[in-house]
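# Fold and geometry: a report
The lines below spell out each chain.
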Amino acid sequence: MGVEISREIPFSQEELLMLEQRFRRLDIDGSGMLEPNEFFDIPELAQNPLVQRVISVFDKNGDGNISFYEFVTGLSKLSEAGSEDDKLRFLFSIYDMDKDGFISNGELFRVLKMMVGNNLTDIQLQQLVDRTLIRADEDFDGKISYPEFCKMVRDMDIGEKLTLHLK
């Protein structure tokens, strides 16, 4: 595998070696790729309702698996070196399931449904989605753009909450 990664990755050689070791431990079958089931074998992630969405965001080439490059690139956005914008774009990508640059009513419903499960009825959840869209959709196009999303979450300290500390 090696740790020869492009300059866009803000990790030191030592951090890359540590991440490579973690990647290899997660890669149970030794394929050099992380398959979704290998993520679900991690107890902390198995309980996270959004783990499949995180995998999808990390999976830049859409093959259903995470290469070491995709793993490190994804983590770099969430690391201390990742910018506030990197973290906001990552979070936006969780909701923007079809990758069209907008969060639609249906996408917001599906992601929130993953998070709340059966704690809300579909009617209650749809009401929450509708209220969120009304509040966030400043140009009244029926969907949330990235700038609208940023305004909506600006007071939530997303940058700090989404920062992974590697050491």
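One can find the structure itself at the top, above this paragraph.
Residues numbered from 1 in each chain as written. Predicted model: local features only at pLDDT ≥ 70, side-chain atom pairs only at ≥ 80, totals over all residues. Heavy atoms only, no water.

## Looking at the nonpolar core
The criterion, for reference: Nonpolar cores were defined as sets of buried Ala, Val, Leu, Ile, Met, Phe, Trp, Tyr and Cys residues, with membership established by side-chain atoms within 4.5 Å. Categorising residues by exposure relies on relative accessible area from a 1.4 Å probe, with only protein chains included: less than 20% of the type maximum marks a residue as buried, more than 50% marks it as exposed, and the intermediate range marks it as partly exposed. Strands here are runs of E lasting at least two residues and helices are runs of H or I lasting at least four, both read from the DSSP assignment and numbered beginning at the N terminus. We call two residues in contact whenever any of their non-hydrogen atoms come within 4.5 Å of each other.
Formed by 39 residues in total, the largest nonpolar core has its most connected members in Phe71, Val72, Tyr95 and Phe149. For this core, the secondary structure elements donating two or more residues are α1 (13-26), α4 (51-58), α5 (68-78), α6 (84-95), α7 (105-116), α8 (122-136) and α9 (146-153). Filtering out sequence-adjacent residues up to four positions away, Tyr95 remains in contact with Ile103, Glu107, Leu108, Val111, Leu112, Met115 and Phe149.

## A few points about the environment of Asp157
Tracing the sequence through the fold places Asp157 in the loop between α9 and α10 (158-161). On the basis of relative accessible area, Asp157 is assigned to the partly exposed category, the value being 46%.

## What to know about the packing of α1 against α5
To keep it simple, the criterion reads: Every axis in this analysis is a line fitted to C-alpha atoms, fitted for helices over the stretch in contact. Angles between the N-to-C directions lie between 0 and 180 degrees. Throughout, the term roughly parallel applies to angles under 35 degrees, roughly antiparallel to angles over 145, roughly perpendicular to angles from 65 to 115, and oblique to all others. Throughout, a crossing is termed right-handed when the near helix is turned clockwise from the far one, and left-handed when it is turned anticlockwise from it by less than a right angle. Three residue categories are used. Nonpolar comprises Ala, Val, Leu, Ile, Met, Phe, Trp, Tyr, Cys and Pro, charged comprises Asp, Glu, Lys and Arg, and polar comprises the others, including Gly.
Following both chains from N to C, one finds α1 and α5 inclined at 120°, their axes separated by 11 Å at the closest point. What the angle tells us is that α1 and α5 run oblique. Every pair of crossing elements has a handedness; the one defined by α1 and α5 is right-handed. Contact residues: α1 offers Leu16, Leu19, Glu20, Phe23 and Leu26, while α5 offers Phe68, Phe71, Val72 and Leu75. Here the residues of the contact of α1 with α5 sort into eight nonpolar, no polar and one charged.

## With respect to the packing of α6 against α9
The interhelical angle for the contact between α6 and α9, taken along N-to-C directions, is 110°, at an axis separation of 11 Å. When the axis of α6 is compared with that of α9, the two are roughly perpendicular. Note on element contacts: α9 touches α6 through Tyr146, Phe149, Cys150 and Val153, opposite Asp85, Leu88, Arg89, Leu91, Phe92 and Tyr95. Among the residues making up the contact of α6 with α9, the classes are represented as eight nonpolar, no polar and two charged.

Shape is all these values report; function is a separate question.
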